[in-house]
Amino acid sequence: MITRNLNDNCWLPHLGKISSIDNLGPEIKLLRVHLANGNGHSNEEFQPGQFAFISAFGVGEAPFGIASILTDDGSLEFAIQRLGNVTTALHELAVGDLIGVRGPLGNSFPMEKLEDKNLVVIGGGIGGAPLRPVIQYVNNNRNKFGELTILWAARSPSHLMFREDYESWRNIPNTNLHLTVDQPDDEWDGHVGLITELLDQVNPSSKNAIAITCGPPVMIFYADKLLSELGFSPDNRYVTLEARMHCGIGKCGRCNIGEKLVCVDGPVFSMDEVENFLEGYF
Amino acid sequence: MNYIRQEDLHNWLADIGEEYRLTAPVEKDGVILYEPIQSLDEIVWDFEKPVNSIKEIFFPQTEILMELQISGNGSDEIKEVIPTEKNILLNVRPCDAHGLNCLDAMFLDDSPPDVYYAARRQNSVVMGLSCSHMGESCFCTSVGGSPGDTVGMDVMLSKYEEGFLVELLTPIGEALFSDLPVTEQVIEVESPFEKGLFPVPNEEILKKSFDSELWGMQAERCISCRICAYVCPTCRCFDIRDEVVGGSNGTKQANRIRCWDSCASEAYRRIAGGHNPRASKIERLRNRVLCKLYYYPQQYGMLSCVGCGRCIDACPVGMDITEIMSVLVEGPA
């Protein structure tokens, strides 16, 4: 998408047409976007873990992790929770409306380096969105990876992200999906409690395994601590970090954690990198 | 050394001013500011340093990046607004030109380049004026600069008798000044007065300082007003948002604007869910100082403090980065 040479304006978004909108949960929508301008742009160029700035024209733009790898029609998907001005404006858009897409930005999960490993994927709330492409990637390249363990958490059953995917995830060979919610409703018969309790119970082996975590900072902090206790070494624990940012290309200065910029040095980091940051992410 | 009489320089500027917009230090309500000038008579030649830095010519307080035409029927349009104005910046102090060199490292040299900054930089000639002395708050010599530093300039003038010595530093400077009526003279130049040095903490001291009580003691009086960032020649944090400016018949016109921001603001690092890793002003002051002395050098290979002392002059509560540097190196007094 953005080819980086001197003549290009790195601030100029591509126009994307909203092709479908699904409700993922309370105040959370999944926008499917077909890029309208440019030739041959597809999310093939997006790697799991990368993000893009999405514009609601007339309000502004904000960064979102890409929530899907290649879809059948070459569209991109973004999970958007209504929290501020931009996300509120994006929630008011309808199918056929145009948005701006500036990306792909940031680094990605080192999928090739993770080959032959057992993967433990831990997602909390909307933090599950950038992990969904990891699960899809493993599914598409199933024989390249070992056991896949997914731990998925949310504050309530209706907040669990991508519920329509669970059946297909469970059908991926050698895969286990574990769900938990903080607050059950009347119909919930699954695990109740924090993701750390679920992680403790599932007790995944750290042998030849890599853990990937994304969620609210407090969840990452405690889940990561527990992973460490379970024997996952820092270089086998990956996180994708969230920071407020306005550019995604190392200019606006906003997303620094000490000497690192989440937008260009991340958002994916291994914990041995994070532990060496001068400033804490939490 | 080339020499030009003030009167000849004035006449030359009058000619060139028809092609270029001239920006120079001017006096406004008793305050010296870099501002675009209408008349050469406005130019101030004898001054210490303007209150603002020259960065705002290249990275304005607020600028329009794009004009947006929002129709809501799937035919929205985006129009880039790339600056085209040609600028000559006169009497730029060495610390300010040095600051441009810092901004270049991030806006230009680090990929992808920022087209707005690049366009202004490419259309500008920086004509510096060396300092005859260091002001009370100046400490450029402590951070790699000097009153005669030419980094970031195309041309440097130095006051000499009834005119100026002229150093042509870049091909742009040479080309522009090819018709300048200069005379070659052998001139002995007196070194400008330089103050004693403030100690600059090294990497090891800075890393060790992270959990120091110093930050809490220093930040106690900070009121998070952000003036230090706004007058700084190298502070470059910004925000981008859209501003609706008009519209009719269901069509909206908006500008995508960029404006200055500062890491001293409370909401600066707060993320959507409300988590704020830098909620206290202690953490924010530490971030600003470490950005200048440690983070920017790690990211772009140079200090992002040029020793102009503007943050010291402007601070309403008397915070002083040289005091912080001294305490870091020598311990509390």
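Conventions used here
- Residues numbered from 1 in each chain as written.
- Chains lettered and ligands numbered in written order.
- Predicted model: local features only at pLDDT ≥ 70, side-chain atom pairs only at ≥ 80, totals over all residues.
- Helix = DSSP H or I, 4+ residues; strand = E, 2+ residues; numbered from the N terminus.
- Rg over C-alpha atoms; globule rule 2.2 N^0.38 Å.
- Buried ≥ 20, exposed ≤ 12 C-beta atoms within 10 Å, placed from the backbone.
- Contact = placed C-beta atoms within 7 Å.
- Pairing = 2+ DSSP bridges.
- Arc of directions from axis to C-beta.
- Nonpolar A, V, L, I, M, F, W, Y, C, P; charged D, E, K, R; others polar.
- Domains from an automatic or database assignment.
- Axes fitted to C-alpha atoms, helices over the stretch in contact; angles between N-to-C directions.
- Core = buried A, V, L, I, M, F, W, Y, C linked by C-beta atoms within 7 Å.
- pLDDT = per-residue confidence, 0-100.

Caption draft 1: Examining the overall build of chain A more closely. What chain A contains, in helices and strands, is 7 helices and 15 strands. Taken against the 2.2 N^0.38 rule, which gives 19 Å for 282 residues, the C-alpha radius of gyration of chain A at 18 Å falls within 12% of a compact globule. Along the three orthogonal principal directions, the C-alpha set of chain A runs to about 50 × 45 × 35 Å. For chain A, the proportion of its 282 residues judged to be buried stands at 53%. Summarising the internal contacts of chain A: among those between residues at least 6 apart in sequence, 70% fall at separations of at least 24.

Caption draft 2: Main features of the pairing of strand β6 (residues 87-92) of chain B. Residue and element names in this part refer to chain B. For β6, the buried fraction is high: 5 of the 6 residues fall into the buried class. In terms of strand pairing, strand β2 (residues 21-28) meets β6 through 3 bridges, oriented parallel. When the sheet's bridge partners are listed, R21 is paired in β6 with N87.

Caption draft 3: How the structure looks around helix α4 (residues 195-202) of chain A. Residues and elements named next belong to chain A. If you check which residues of α4 are buried, you get I195, T196, L198 and L199. Seen end-on, α4 carries its buried residues on one side only, within an arc spanning 160 degrees. At its buried positions, α4 is contacted by β7 (118-124), β8 (148-154), β9 (175-181), β10 (191-192) and α5 (217-229). Once α4 finishes, N203 follows within two positions and takes phi at roughly 50 degrees, a positive value.

Caption draft 4: Region of the structure containing the interface of chain B and chain A. Of the residues lining the interface, 41 residues belong to chain B; the matching set on chain A comes to 38 residues. Among the secondary structure elements, those contributing two or more residues to the side of chain B that touches chain A are β4 (62-70), β5 (77-80), α3 (94-109), β11 (238-248), β12 (251-260) and α9 (281-300) of chain B. Residue composition of the side of chain B that touches chain A, by class: 22 nonpolar, 7 polar and 12 charged.

Caption draft 5: The arrangement of the domain arrangement of chain A in detail. Residues and elements named next belong to chain A. Assigned domains of chain A: these are domain 1 (14-105) and domain 2 (118-276). With 18 residues of domain 1 at the contact, the number on the domain 2 side is 19 residues. Looking at the side of domain 1 that touches domain 2, its residues break down into 12 nonpolar, 5 polar and 1 charged.

Caption draft 6: Examining the sheet that holds β10 of chain A more closely. Residues and elements named next belong to chain A. Here 7 strands make up an open sheet; going across it, the order is β10-β9-β8-β7-β11-β12-β15 and the pairing mixed. Both edges of this open sheet fall to β10 and β15 (268-270), since each of them pairs with a single strand only. Bridge analysis of strand β12 (residues 237-240) against β15 gives 3 bridges, and the strand direction is antiparallel. Paired with V239 across the two strands is F269, which belongs to β15. Packed onto the sheet, helix α2 (residues 132-140) meets β7, β8 and β11 (209-214) and runs at close to 150 degrees relative to β7. Across the face of the sheet, α4 comes into contact with β7, β8, β9 and β10 while running at roughly 155 degrees to β8.

Caption draft 7: Quick peek at the environment of G273 of chain B. When you line up the elements, G273 of chain B lands in the loop between β12 and α9. As for G273 of chain B and R21 of chain B, which are separated by 252 residues in sequence, their C-alpha atoms are 46 Å apart.

Caption draft 8: Representation of the nonpolar core in the model. Counting 169 residues, the largest nonpolar core has F78, A79, V121 and I212 of chain A as its most contacted members. The residues touching V121 of chain A, leaving out its near neighbours within four places in the chain, are L131, V134, I135, L148, I150 and I212 of chain A.

Caption draft 9: Molecular detail of the sheet that holds β2 of chain B. All names here are of chain B. As summarised here, the arrangement of the 8 strands in space is β3-β2-β6-β7-β8-β9-β1-β10, forming an open sheet in which the pairing is mixed. Edge positions in the sheet fall to β3 (31-36) and β10 (183-184), since each has one partner strand and no second. With 4 bridges connecting them, β6 and strand β7 (residues 124-129) associate as parallel partners. Note on β7: the bridge partner recorded for I88 is V125. Across the sheet, α3 is in contact with β6 and β7; its angle to β7 comes to roughly 145 degrees.

Caption draft 10: Just the environment of G123 of chain A, in detail. All names here are of chain A. Mapping G123 onto the fold places it in strand β7. A sequence separation of 100 residues divides G123 from A223, and the C-alpha atoms of the two residues are 10.0 Å apart. When sequence neighbours within four positions are dropped, the list of residues in contact with G123 reads G128, L131, W152, C214 and G215.

Caption draft 11: A look at the confidence of the model for chain B. All names here are of chain B. Averaged over every residue, the pLDDT of chain B is 92; residues scoring 70 or more account for 98%. Within chain B, helix α10 (residues 310-314) carries the highest mean pLDDT (97), whereas β10 carries the lowest (74). Confidence metrics for the complex model read pTM 0.92 and ipTM 0.90.

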